[in-house]
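Chains, contacts and geometry: an overview
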Amino acid sequence: MRSRLAARKLARSLAGTSNAAVRTFLIADIRGYSRFTEEYGDEASAKLAAKFSDLVREGVETRGGALIEIRGDEALAVFDSARQAIRAAMDLQHRFAEESDADSDLPLRVGIGIDSGEAIALEDGSFRGAALNVAARLCGLAHGGEVIVSEGTSHLAGRLPGVRYIDRGRAHLKGIAEPVRIIRVAAPEEEQSHPWIVMFFGRPKGLGWRVALGVVLIAAATAAAVVYLTSGNTGERGSAATGTQAGSVSEAPVADVMALIPTTLRETCVVQPVPDIGAVETAVCVPGTTAETRFSPDRWQVSIYPDEVAMNKAYEAERRRQEIALDQGKCSVLSWGGEGPWAHGPEKPGGRRLCYFDGDDAVIVWTHGRFRQSTHRDILGIAREGGSDHARLAAWWEVQHHLIGKVE
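Everything quoted here is computed from the prediction, not taken from an experiment.

1. Concerning the overall build of the protein
Looking only at helices and strands, one finds twelve helices and 17 strands in the protein. Expressed as a percentage of its 408 residues, the buried residues of the protein come to 46%. Sequence-distant contacts, at least 24 apart, represent 63% of the contacts inside the protein between residues at least 6 apart. Of the roughly 19500 Å² of accessible surface on the protein, 53% is carried by carbon and sulfur atoms.

2. Thoughts on the pattern of salt bridges
Taken as a whole, this structure holds 26 salt bridges when the rule is applied. A salt bridge links arginine 63 to aspartate 91; the nearest nitrogen and oxygen atoms lie 2.7 Å apart. Of this pair, arginine 63 sits in the loop between helix H3 (42-62) and strand E2 (66-71) while aspartate 91 sits in helix H4 (residues 82-102); the two residues are 28 residues apart in sequence, bridging distant segments of the chain. Here arginine 63 falls in the partly exposed class, since its relative accessible area comes to 25%. You can call aspartate 91 partly exposed: its relative accessible area is 30%. The residue aspartate 389 makes a salt bridge to arginine 392 at a minimum N-O spacing of 2.8 Å. Taking the relative accessible area as the measure of exposure, arginine 392 reaches 44% and is therefore partly exposed.

3. Some thoughts on the sheet that holds strand E1 (residues 23-30)
Within the open sheet, the seven strands sit side by side as E2-E3-E1-E4-E7-E9-E8. Their pairing is mixed. The strands lining the two open edges of the sheet, one partner per strand, are E2 and strand E8 (164-171). For this sheet the average axis-to-axis angle between neighbouring strands, irrespective of direction, equals 20 degrees. Sheet topology places strand E4 (residues 110-117) next to strand E7 (residues 147-150); three bridges connect them, and they run parallel. Paired with glycine 113 across the bridge in E7 is isoleucine 148.

4. Examining the packing of helix H2 (residues 33-40) against H3
Closest axis-to-axis distance for the H2/H3 pair is 7 Å, and the angle between their directions is 140 degrees. By the angle between their axes, H2 is oblique relative to H3. Listed contacts from H3 to Tyr33, Phe36, Thr37 and Tyr40 of H2 are Asp42, Ala44, Ser45, Ala46, Leu48 and Ala49.

5. Looking at H3
Between its first and last C-alpha atoms H3 spans 30 Å; for 21 residues at 1.5 Å apiece the expected length is 30 Å, and the two agree. Every buried residue of H3 is accounted for by Ala44, Ser45, Leu48, Ala49, Lys51, Phe52, Ser53, Leu55, Val56, Gly59 and Val60. Buried residues along H3 sit against E1, H2, E2, strand E3 (74-79), H4 and E4. Looking one or two places after H3, you find glycine 64, whose phi comes out positive at around 85 degrees.

6. What to know about the nonpolar core
Within the largest apolar cluster, 37 residues are counted, with the highest numbers of intra-cluster contacts made by Phe52, Ile112 and Ile114. Only E1, H2, H3, E3, H4, E4, E7 and strand E9 (180-186) provide two or more residues apiece to this core. Considering each element in turn, this core owes the most residues, eight residues, to H4. Listed in part, the 28 residues of the second largest apolar core include Met258, Trp300, Trp342 and Trp366.

7. Examining the sheet that holds strand E13 (residues 328-331)
Pairing in this open sheet of eight strands is antiparallel, and the strands run E10-E11-E12-E17-E16-E15-E14-E13 from one edge to the other. Here the strands that pair on one side only, and so sit at the sheet edges, are strand E10 (269-271) and E13. Looking at each pair of strands side by side, their axes are set apart by 25 degrees on average, direction ignored. Pairing analysis gives six bridges linking strand E15 (residues 348-358) to strand E16 (residues 361-368), with the strands arranged antiparallel.

8. What about the side chain of arginine 31?
Looking at the element boundaries, arginine 31 is found in the loop between E1 and H2. Ignoring sequence-local partners within four residues, the contact set of arginine 31 consists of Arg109, Val110, Gly111, Cys139, Gly140, Ala142, His143, Gly144 and Arg299.

Thresholds applied
Residues numbered from 1 in each chain as written. Predicted model: local features only at pLDDT ≥ 70, side-chain atom pairs only at ≥ 80, totals over all residues. Heavy atoms only, no water. Helix = DSSP H or I, 4+ residues; strand = E, 2+ residues; numbered from the N terminus. Buried < 20%, exposed > 50% of the residue type's maximum accessible area, 1.4 Å probe, protein only. Contact = heavy atoms within 4.5 Å. Areas by Shrake-Rupley, 256 points an atom, 1.4 Å probe, with all protein chains shown as cover. Salt bridge = Lys/Arg side-chain N within 4 Å of Asp/Glu carboxyl O. Pairing = 2+ DSSP bridges. Axes fitted to C-alpha atoms, helices over the stretch in contact; angles between N-to-C directions. Parallel < 35°, antiparallel > 145°, perpendicular 65-115°, else oblique. Expected span 1.5 Å × (residues − 1). Core = buried A, V, L, I, M, F, W, Y, C linked by side-chain atoms within 4.5 Å.

Note that every value here comes from positions in space, so none of it alone points to a role or purpose.
As structure tokens, then:
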């Protein structure tokens, strides 16, 4: 309540002024909140939202910010200082991770977006301005555990001890005319580790970062030793990559979702610190703009599930949430809206898919089942493209869904 009153006081003091000071806006959103509610019920989701609210309020106020609004799974805060906003975001992600480790039944997978700029202060304590829109879009790009800021905010904040900025290129954000440079804020522990190790192993649950880093390095060393000992010309063991006779096909890993994404696609993907509900591991992919001209969705993700039952449960939750009937409609460049099966070919099972429009976004959700195929695993994918551009999304999916979910 105190933070809300502070926001109103700030807004009233600025209302009617012609040259409002530059403010920094922070938006935080719990990833998978709707699915969590459907899976675990209203009481559990209320507890999750309450924990989120308490942590955000404390984190924002500690760094001198004001909480403008909090609505269940989403929070909006304003800061006078870009540096303090970034500090608050890093503090919050640390606390979210600690709380998730302490109570795995209430996972706080939170994405945070931050932008700075002038905004009009209204009498009711709210603000209006382009910076809020950009912060919201950046929050939408951030996966659980990630902080995304605009280039302007990083320039305002300047160098921060123990924090580094990772340039992810420019991206077109829905409702924003010009492309925006995307900057990911990284924790100091990540800077000390090898990025490929963090991406491959993720963050072990229940461990602090320093302990987790040690576990990851030991695991990497062990994996390297296994490769060395088993990759020689033994004639019987074959290679470590296959774990089968030399010349035979590789077996899909049980828990490494990155290995189930084609090499040409995985360079833009990172593993979420906490997987989606029911999943073993989740990777989120948010391509930046490079010299490359190939199309890729604005945001897509892949989750590997322990078995077909868990995979289908997650898919059914998405289908019921969108109220899409079974075996009706199409998902193609010509028609978008429906649900049904897909196959690799005659008598070659694949999975199911559904597609729909979410505001100005085209969305497709699909499963890729193992079906006793050693090179496959049970996965669920979700891809989203802005501008209602279902035609390009459909063309991308028609090729990639055959490849995502199995080892190369």
